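Spelled out from the first residue to the last, the chains are:
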Amino acid sequence: MRIANLAGRLVLLTGDGAVDVERAGGQRFSADPHAVYARWEEFAAWAAETGPAGAETFDEADLQAPSPTPAQVFGVGLNYRDHAAEAGLGLPDSPSVFTKFPSCLTGPSGAIALTGPTVDWEVELVAVIGREARNVPAESGWDHVAGLTVGQDLSDRTVQLAGPAPQFSLGKSAPGFGPTGPWLVTPDEFADRDNLELQCAVNGESVQKGRTSDLIFSVPELVARLSAILPLLPGDLIFTGTPAGVGGARNPQRFLAAGDELVTTIEGIGTMRHWFTEELS
Ligand code: ZN
């Protein structure tokens, strides 16, 4: 199953287009894309019975973030060996976690304003929680995931690395720095949900390519580790980390500039397209 946020309304995607969930369900479910995660199992059962009736074609430019107002957004640093190596840092023995404040979230296409000369890309698989998780063992971690979407953990490296203790959460939370989309795909749709190719390109040049099978802490392992400390709530996002190839680790370093186009793709999910504009004054 695929669901999306189409101009602020929850839709079910079929081969024929988008079905408006509130209208098709006789108002059984809200049009609010966030509200569905709190009733995920009931919704999934209903959606499985709902055919393509009422599907309408849509403009992909109207797609917004699949979970636009999560209570919590987790980011995981150093979760691929090749990225930890390029950062010159050792492998973590527990997840290295920060937050992206929810005001940074945006949709799968459009313009993003740069905050300075050191804004960097980080393609990431994003897991969306569909059932509250507390002290969940890794073996059942996937049972708490509604689905997967594509994400970019955009990062202002100057802000992130300022001061004696790094400011990961602030450096990764400027407006527009948390794009997700273009839709949410449920885990059962993948041949192997633990092994997806992810990549991004700047102005057509590939800059990152990896596979989620190389994650140090997998999606279910992250659900276990995080839920051992605090509850994971329906609609919460986990940005699972980025593989090698970020601009700040290159020699010479390379960052996003006004006019650049960033295209971000994950196998079996889809593609996001963004372009960058001058700093807002
Ligand atoms: Zn990241």
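Residues numbered from 1 in each chain as written. Predicted model: local features only at pLDDT ≥ 70, side-chain atom pairs only at ≥ 80, totals over all residues. Heavy atoms only, no water.

(A) Spatial organisation of the domain arrangement of the protein chain. Entries for the protein chain in the domain assignment read domain 1 (2-64) and domain 2 (73-277). Of note, the centres of domain 1 and domain 2, computed from C-alpha atoms alone, are 25 Å apart. For the domain 1 and domain 2 pair, buried surface summed over both sides reaches about 1200 Å², with 59% attributable to carbon and sulfur atoms. Three residues stand out in domain 1 for area buried against domain 2, namely Arg2, Tyr37 and Trp40, and they jointly supply 50% of the buried area on that side. Inspection of the region where domain 1 meets domain 2 yields one salt bridge. A salt bridge links Glu41 to Arg131; the shortest N-O distance between them is 3.0 Å. Where domain 1 meets domain 2, there are four residue pairs in polar contact (both at pLDDT 80 or more). Broken down by secondary-structure element, the contributors of at least two residues to the side of domain 1 that touches domain 2 are β1 (2-6), α2 (40-49) and β4 (63-64). Sorting elements by how many residues they give to the side of domain 1 that touches domain 2 places β1 first, with three residues. (Domains from an automatic or database assignment. Buried area = accessible area lost by both parts, 1.4 Å probe. Salt bridge = Lys/Arg side-chain N within 4 Å of Asp/Glu carboxyl O. Polar contact = N/O pair within 3.5 Å; in protein donor to acceptor, adjacent residues only side chain to side chain. Helix = DSSP H or I, 4+ residues; strand = E, 2+ residues; numbered from the N terminus.)

(B) Representation of the pattern of salt bridges. Evaluation of the coordinates by the stated rule reveals 14 salt bridges. Between Arg254 and Glu205 there is a salt bridge whose closest N-O contact spans 3.1 Å. Of this pair, Arg254 sits in the loop between β16 (237-239) and β17 (261-266) while Glu205 sits in strand β15 (residues 205-211), placing them 49 residues apart in sequence. Glu267 is paired through a salt bridge with Arg211; the nearest N and O atoms lie 3.1 Å apart.

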